[in-house]
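# Descriptive analysis of the structure
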Amino acid sequence: MALPKVGSIGEYIREQRQQAKISLRQLAQAAGVSNPYLSQIERGLRKPSAEILNQIAKGLRISSQALYVQAGLIEDREPPSDVTTAINADTLLTERQRQVLIDIYESFRKENRTEGEQTSQNAHPRHGSTADDEPLLPEEYLAALEPYAASSGNGTVTQETKEG
C-alpha cells in the first residue's frame, strides 16, 4: 500500500468531520484538543500522535484504525468487513456498544483463522464441542456486555427484559 501524501491525514479528518456535520470547535471539544491544534492538523501543519488520533476518532465516531492507516502508522491489511462497516454506520448505537460488538466480531474471526491454520497443519479440528466445553464468548466480552444483557451462566447471552 502506498504511503499517504503529506497532509492527507488532515484532509481525511476534515472530510470525516464535514461528512459528520461537526464543526471544528465541536470536534476539538469532543477530542479534548484545542481548536488551533486541530486546525493545524487539518491543514497538514502538525502531525498528530497515535493518542491524539485515537481521541479524534472517538470524536468523529469512526474507527481509530482508519486514522492510523491514513496517517501511515499501520498498514491496512484487509478491508473492513461489511459487518464492521454496518456497526460503525449504526447511529442508534453508542461508541462503547459499537466497540464491544466489533471486538466480539473480531475475536470470532481471529478464533476461526487460528482454527483454520491448525486444520491446515493437519491438526484435528474440534468436533462436537458443546456449551459445557467452553463459553461461547470470552470472559472480558461477557463482562462488557453485562450492562446490556443477562448471561445464562454458560457463556450464552440472552436479552434482558424489564417489566413494570
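Before going into details, it helps to say that this report is about the structure given with it. Bear in mind the structure is a predicted one, so any value in this text is a computation, not a measurement.

In this section: the overall build of the protein chain. A count of helices and strands for the protein chain gives 8 helices and 2 strands. Its helices and strands taken in sequence order, the protein chain reads α-α-α-α-α-α-α-α-β-β from the N to the C terminus. Within the span of the protein chain, comprising 164 residues, buried residues form 27% of the whole. In the protein chain, the share of contacts with a sequence separation of at least 24, taken over all contacts with a separation of at least 6, comes to 44%. A total accessible area of about 11500 Å² is found for the protein chain, and carbon and sulfur atoms account for 50% of it.

With respect to the helices and strands, Glu 106 occurs in helix α7 (residues 95-120). Glu 106 sits 22 residues away from Thr 84 along the chain, and the two C-alpha atoms are 9.0 Å apart.

Moving on: helix α2 (residues 24-31). Buried within α2 are the following residues: Leu 27, Ala 28 and Ala 31. Here the buried residues of α2 occupy an arc of 100° about the axis, which is enough to place them on one side. Looking at α2, the residues exposed on the side facing more than 90 degrees away from the buried face are Arg 25, Gln 29 and Ala 30. At its buried positions, α2 is contacted by α1 (8-19), α3 (35-42) and α4 (50-60). Once α2 finishes, Gly 32 follows within two positions and takes phi at roughly 75°, a positive value.

Definitions and limits used
- The residue numbers shown here count from 1 along each chain, following its written sequence.
- Local features in a predicted model are, by the rule used here, given only for residues with pLDDT of at least 70; side-chain atom pairs are given and counted only at 80 or more, and totals for whole chains, interfaces and linings are based on all residues.
- Note that water and hydrogens are dropped before the side-chain values are worked out from all heavy atoms of the structure.
- A run of DSSP states H or I qualifies as a helix once it reaches four residues; a run of E qualifies as a strand once it reaches two. Both are numbered from the N-terminal end.
- Accessibility here uses a 1.4 Å probe with only protein chains present; expressed as a share of the type maximum, an area under 20% marks a residue as buried, one over 50% as exposed, and anything in between as partly exposed.
- Contact criterion: two residues are considered in contact whenever any of their non-hydrogen atoms come within 4.5 Å of each other.
- Using a 1.4 Å probe, the Shrake-Rupley method yields the accessible areas, and only the shown protein chains count as cover for residues.
- When we speak of the arc, we mean the arc of directions from the helix axis to the C-beta atoms.

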